[in-house]
Amino acid sequence: MEQKTKTRISRAQLCEEIKPGPSSIIIFGASGDLTFRKLIPSIYTLFKKNLLPEEFFLLGIARTKYTDEEYRENIKSRLLEEKEDLFIVDKFLEKIFYLSGYYNDDSLYTNLKNRLNLLDNIFKTNQNYLFYLSTPPNVYLEIIKRLGNFELTVEKEGSYSRIIIEKPFGRDLKTSQEIDKELHKYLNESQIYRIDHYLGKETVQNIMMLRFANIVFEPIWNYKYIDNVQITVAETLGVEHRAGYFEQAGLLRDMFQNHMMQLLTLVAMEPPASLEDRSVRDEKNKLLKSIRSYDKKDIDKYFVRAQYKEGFLNGEEVSAYRSEKNVNPNSNIETFVAGKFNIDNWRWSGVPFYLRAGKRLKRRVTEIAIIFKEVPHSIFAKNNLDLEQNILILNIQPDEGFSLKIQAKQPGSKLCLNTLSMDFNYNDFFKFKGPDAYERLLLDAMVGDQTLFVRSDAMDVSWKLFTPLLEKWEEQKDKGLLFYPAGSWGPIESFKLLEKDQRQWRNLELNQEGEEIRADKVF
Ligand code: BG6
């Protein structure tokens, strides 16, 4: 019999992080919230873990006028607030620089070019540039065009020029294609890194490991054994200080078109030929293409959109979306969406995927629940005993891990069955908090690994899927917009969406001990 020949790589080798070669990161929008809250702390952590190359510098660009020193001071005070070590912080700051200017002003790019030449000479970064667009999306085109015109996107022999773009990538198919067209005038797809921070989360990456590194799940991962799949991304936060953006976007664009679709594809895609980025992204795209598209006239059958009213969250009164700062008091923007997705392929024929996401919901939880079918024949039925279905829950956050709900005998009387929850919690087991998603993604971009970034064709397919909804909701305005009290699980219609199919959302309430209500732990 033919033997499979394998080149063995040891586990230890696989666990080693690849340290990037000489690199620089240039952040547009360097005085913004994302930069201070996520990007700088992640880059600092990479520095602290010795995962940045010696030959490295960071150049921040924004309109705010700072000197290098003032910008460094700003970063320093934030890092020290987090109790970081002064010595390491000071070392890190030696690599930080700042340039101010207007994104649509050519002189900014002349200055940028000069500055990069200078820093490149000092830090020996080999003209390797990773540009990060962390600006409002309406200036993306201005920046890309000028980076291109000033030849900063040209890759010299042995050097790289890459660009990371934050979502939203446009606001519909047309605008996303416009951005893409502009990008492709100056860059190849291999230079473009569209970031979706969900892909950098440890537990999201673990979905592939769980499915494809274990033999027990794949044989039952299909329509024969799975009844339905439920994906929930519930947030307690409201719109916070992001009303300007959210009023333009709404929840469908903010969460569904990107994060939710990523979760769905990872759970539903076929095994890729290899872990190589092209194979993984091909499979994801294939899956996206198999999602049944929506006819505008049927959208109300499949989707529920709603907005939060005032309510109570953890005992505190919180205001309605329409009363939040900078929100139009008559706003029709949705803060909650629930929807049903059908995947037309062999594996998932007849298995609905129910997705819901919302702001100001009862508790923060992101999970994927795989609800299995009932046993084909119950020998317990004549005792009038309802068996609960098995459920595999992938807990993305906040309690990262997974749980399997099974039926088991409760000790004591002869025929007493109950639901047993086998729980695996990442933090308890590994005794270590995983890295922030941005650390992973920034490192991958410096190394040139695009697996965890979104490819242009996938972007198109997912915008195409949601375009009829966006159009219909825009036409309908407030007609069809529902309301839910802050601190609830969304409008009642979201529950009815599943009841129509004789199903129900998994109950995410907790009891007083902080445990799930339906997970009666008996052992
Ligand atoms: C962002 C959205 O992409 O993801 C926010 O714009 C949302 O509205 C956030 O709150 C959720 O991310 P996380 O990592 O907290 O689940």
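Provided above is the structure to which this section pertains.
Remember, predicted model here, so these are calculated numbers, not experimental data.

Moving on to a nonpolar patch on the surface. Residues Phe429, Phe430 and Phe432 make up a contiguous nonpolar surface patch of roughly 370 Å² in combined accessible area. Along the chain, the position of Phe430 falls in helix H12 (residues 426-430). Residue Phe430 is classed as partly exposed on the basis of its relative accessible area of 44%.

A few words now on the nonpolar core. Counting residues in hydrophobic clusters, the biggest one holds 149 residues, and the most contacted among them are Phe28, Leu112, Phe341 and Phe353. Among the elements that make up this core, the one with the highest residue count is helix H9 (residues 243-268) (13 residues). If we ignore the near neighbours within four places in the chain, the residues touching Phe341 are Phe256, Met261, Leu264, Ile291, Tyr294, Phe303, Val351, Pro352, Phe353, Leu355, Leu465 and Phe466.

Further remarks concern the pattern of salt bridges. Summed over all chains, the structure comprises 35 salt bridges. Lys297 is the partner of Asp295 in a salt bridge, and the nearest nitrogen-oxygen pair spans 3.9 Å. A network of salt bridges, in which partner residues are shared, links Arg211, Glu218, Glu270 and Arg347.

Okay, the sheet that holds strand S4 (residues 129-133) next. Taken together, the 6 strands give an open sheet; going across it, the order is S3-S2-S1-S4-S5-S6, and neighbouring strands pair in parallel fashion. The outermost strands of the open sheet, each flanked by one partner alone, are strand S3 (96-100) and strand S6 (192-194). Shown here is a sheet whose adjacent strand axes are inclined to one another by a mean of 20°, direction ignored. Packed on one face of the sheet, helix H3 (residues 68-81) meets strand S2 (56-62) and S3 and runs near 120° to S3. Each of strand S1 (23-28), S2, S3 and S4 touches helix H5 (residues 106-123); the most contacted strand, S2, lies at about 165° to it.

Moving on to the site of the ligand. Taken together, the neighbourhood of the ligand is formed by Lys167, His197, Tyr198, Lys201, Glu235, Arg242, Asp254, Met255, His259, Lys359, Arg364 and Gln397. The contact in question runs from an oxygen atom of the ligand to an N or O atom on the side chain of Glu235, over 2.5 Å. Here Arg242 contributes a side-chain N or O atom positioned 2.8 Å from an oxygen atom of the ligand. Taken together, the residues of the shell around the ligand break down into 2 nonpolar, 3 polar and 7 charged.

Time to look at empty space enclosed by the protein. Applying the stated criterion to the full structure yields 5 cavities of 30 Å³ or more. Empty space within the largest cavity amounts to approximately 160 Å³. For the largest cavity, the lining is made up of 18 residues, of which Gln262, Leu288, Val454, Ala458 and Met459 are closest to its centre. Of all the secondary-structure elements, those providing two or more residues to the lining of the largest cavity are H9, helix H10 (277-290) and helix H14 (456-476). It is H9 that contributes the most residues to the lining of the largest cavity, 5 residues altogether. Looking at the lining of the largest cavity residue by residue, the classes come out as 8 nonpolar, 6 polar and 4 charged.

So, about the packing of aromatic side chains. Within this structure, the stated rule accounts for 35 aromatic pairs. Judged by centre distance (6.4 Å) and plane angle (85°), the rings of Phe256 and Phe466 are edge-to-face. You can see Phe256 sitting in helix H9 and its partner Phe466 sitting in helix H14, a full 210 residues away along the chain. In this structure, Phe256 and Phe466 share a single accessibility class: buried. When the centroid spacing of 5.5 Å and the interplanar angle of 85° are considered together, the rings of Phe303 and Phe341 count as edge-to-face. Here the residue Phe303 occupies a position in strand S8 (residues 303-309), and Phe341 occupies one in strand S11 (residues 336-341), the gap between them amounting to 38 residues. Like Phe341, Phe303 is buried.

Cut-offs and rules
Residues numbered from 1 in each chain as written. Predicted model: local features only at pLDDT ≥ 70, side-chain atom pairs only at ≥ 80, totals over all residues. Heavy atoms only, no water. Patch = residues over 30% accessible without salt bridge, like charges linked within 9 Å, V, L, I, M, F, W, Y side chains within 5 Å. Areas by Shrake-Rupley, 256 points an atom, 1.4 Å probe, with all protein chains shown as cover. Salt bridge = Lys/Arg side-chain N within 4 Å of Asp/Glu carboxyl O. Helix = DSSP H or I, 4+ residues; strand = E, 2+ residues; numbered from the N terminus. Buried < 20%, exposed > 50% of the residue type's maximum accessible area, 1.4 Å probe, protein only. Core = buried A, V, L, I, M, F, W, Y, C linked by side-chain atoms within 4.5 Å. Contact = heavy atoms within 4.5 Å. Pairing = 2+ DSSP bridges. Axes fitted to C-alpha atoms, helices over the stretch in contact; angles between N-to-C directions. Near = heavy atom within 4 Å. Polar contact = N/O pair within 3.5 Å; in protein donor to acceptor, adjacent residues only side chain to side chain. Nonpolar A, V, L, I, M, F, W, Y, C, P; charged D, E, K, R; others polar. 1 Å grid on protein atoms, 1.4 Å probe; cavity = no way out; pocket = protein on both sides within 12 Å on 5 of 7 lines; lining within 4 Å. Points joined across faces, edges and corners; volume = space filled by probe spheres on them. Phe/Tyr/Trp six-rings, centres within 6.5 Å; stacked < 30°, edge-to-face > 60°.

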